[in-house]
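Listed below are the residues making up each chain.
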Amino acid sequence: MNGQDRLFQRKWGVFTHYLYGAPGGSAGEKLPDDDWNERVRRLDTERIARTLYDVGARYYFFTLMQV
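These figures come from a predicted structure and were not determined experimentally.

**So, the packing of aromatic side chains**
Then comes step 1: Applying the stated criterion to the full structure yields four aromatic pairs.
Then comes step 2: For the ring pair Phe 15 and Tyr 59, a centre distance of 6.2 Å and an interplane angle of 85 degrees mean the geometry is edge-to-face. A residue pair is termed long-range when its members are at least 10 positions apart, and Phe 15 in strand S1 (residues 14-19) and Tyr 59 in the loop between helix H3 (45-55) and strand S2 (60-66) qualify at 44 residues.
Then comes step 3: Ring centres of Tyr 60 and Phe 62 lie 6.2 Å apart, and the angle between their planes is 55 degrees; on these two criteria the pair is classed as tilted.
Then comes step 4: Here Tyr 60 falls in the partly exposed class, since its relative accessible area comes to 30%.
Then comes step 5: Every member of this aromatic cluster is reached through a ring pair, and the members are Phe 15, Tyr 59 and Phe 61.

Encoded structure:
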């Protein structure tokens, strides 16, 4: 069974695109490292996991640092 078949059998899931860009900035403009690190530290992974479980999401994709 390939990856597409497995996702199809699970019916639905959630994707998050955690972007590295500066809010309101132009494409490719990065946040200062300290600001980025603070965003990462404040990410509430426990809450995300609880919410995904509560809504019945069968898979979760988290993309990181797209610019």
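**Remarks on the pattern of salt bridges**
Then comes step 1: Counted according to the given criterion, the structure contains one salt bridge.
Then comes step 2: Among the ionic pairs, Arg 41 bridges to Glu 38, the shortest N-O distance being 3.3 Å. In this pair, Arg 41 and Glu 38 are both assigned in helix H2 (residues 33-42), three residues apart and thus about one turn of the helix distant.
Then comes step 3: Using a relative accessible area of 31% as the deciding quantity, one classes Glu 38 as partly exposed.

Quick notes on the rules
- Residues numbered from 1 in each chain as written.
- Predicted model: local features only at pLDDT ≥ 70, side-chain atom pairs only at ≥ 80, totals over all residues.
- Heavy atoms only, no water.
- Phe/Tyr/Trp six-rings, centres within 6.5 Å; stacked < 30°, edge-to-face > 60°.
- Helix = DSSP H or I, 4+ residues; strand = E, 2+ residues; numbered from the N terminus.
- Buried < 20%, exposed > 50% of the residue type's maximum accessible area, 1.4 Å probe, protein only.
- Salt bridge = Lys/Arg side-chain N within 4 Å of Asp/Glu carboxyl O.

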